[in-house]
Amino acid sequence: MLFRSAGTTIRGVAGDAGVDPALVHHYFGSKDDLFVAALELPVDPRAVLAEQVVGPVEGAGERLLRALIGVWDDPALRPALLAMVRRLIEPGGDALFRGGFLPVVLVPLGAALGVDRPERRMQLVASQVIGVIVLRYVVRADAIVAMDVDTLVATYAPVLDGFLAGPLP
């Protein structure tokens, strides 16, 4: 399984694939770009989140939830997103999240928002967002599925804002 880590290099990936590293750079750019391509998502989560979430930290929880729900509510995108979530819960999925998704997508988002300690804060945010996604789109828990977007955002955005800007224990 391909995941981003301190030990993963473009040269190593190219060697495993039996191609020249310049070819990998040409088609994928950076190691982070290669990681996102390997996820086989229908959208680049970095682009979606940067476009819709980055701004002042105030209200970032609402912007984040609205961006994610907007993507997940698109029936054309949902099958690939569900496949990604299932990969996260398979053996080795923890490494995919810790070694890839967190440092490539979430921590840079926290840094772009200007939060202090983005490594810690974005893990707290992820704990809630992943829970909402799993309950709404994978498990399909009645109470969470029944909430319209505005109610869902009103319920969870303050929690996310607290993780982003509030005091940490």
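Everything numeric in this text was worked out from a predicted model, so none of it was measured.

Novice: Give a description of the packing of helix 6 (residues 78-89) against helix 7 (residues 93-113) that names residues and reports values.
Specialist: Here helix 6 crosses helix 7 at 110°, and the two axes come no closer than 5 Å. Classified by the angle between their axes, helix 6 and helix 7 sit roughly perpendicular to one another. Between helix 6 and helix 7, the contacting residues are M84, R87 and L88 on the first element and G93, D94, L96, F97 and F101 on the second. Along the lines of polarity and charge, the residues of the contact of helix 6 with helix 7 split into five nonpolar, one polar and two charged.

Novice: Report on the environment of A67, specifying residues and quantitative values.
Specialist: One can find A67 in helix 5 (residues 60-72). Residues A67 and P45, 22 residues apart in the sequence, show an inter-C-alpha distance of 9.8 Å. Setting aside chain neighbours within four positions, we find A67 in contact with V48, L49, Q52 and V53.

Novice: Describe in detail empty space enclosed by the protein, supporting the description with residues and values.
Specialist: Scanning all chains against the criterion turns up one cavity of 30 Å³ or more. For the largest cavity, the calculated volume is near 50 Å³. Counting only elements with at least two residues in the lining of the largest cavity, the list comes to helix 5 and helix 8 (118-138). Taken together, the residues of the lining of the largest cavity sort by class into eight nonpolar, no polar and no charged.

What counts as what
Residues numbered from 1 in each chain as written. Predicted model: local features only at pLDDT ≥ 70, side-chain atom pairs only at ≥ 80, totals over all residues. Heavy atoms only, no water. Axes fitted to C-alpha atoms, helices over the stretch in contact; angles between N-to-C directions. Helix = DSSP H or I, 4+ residues; strand = E, 2+ residues; numbered from the N terminus. Parallel < 35°, antiparallel > 145°, perpendicular 65-115°, else oblique. Contact = heavy atoms within 4.5 Å. Nonpolar A, V, L, I, M, F, W, Y, C, P; charged D, E, K, R; others polar. 1 Å grid on protein atoms, 1.4 Å probe; cavity = no way out; pocket = protein on both sides within 12 Å on 5 of 7 lines; lining within 4 Å. Points joined across faces, edges and corners; volume = space filled by probe spheres on them.

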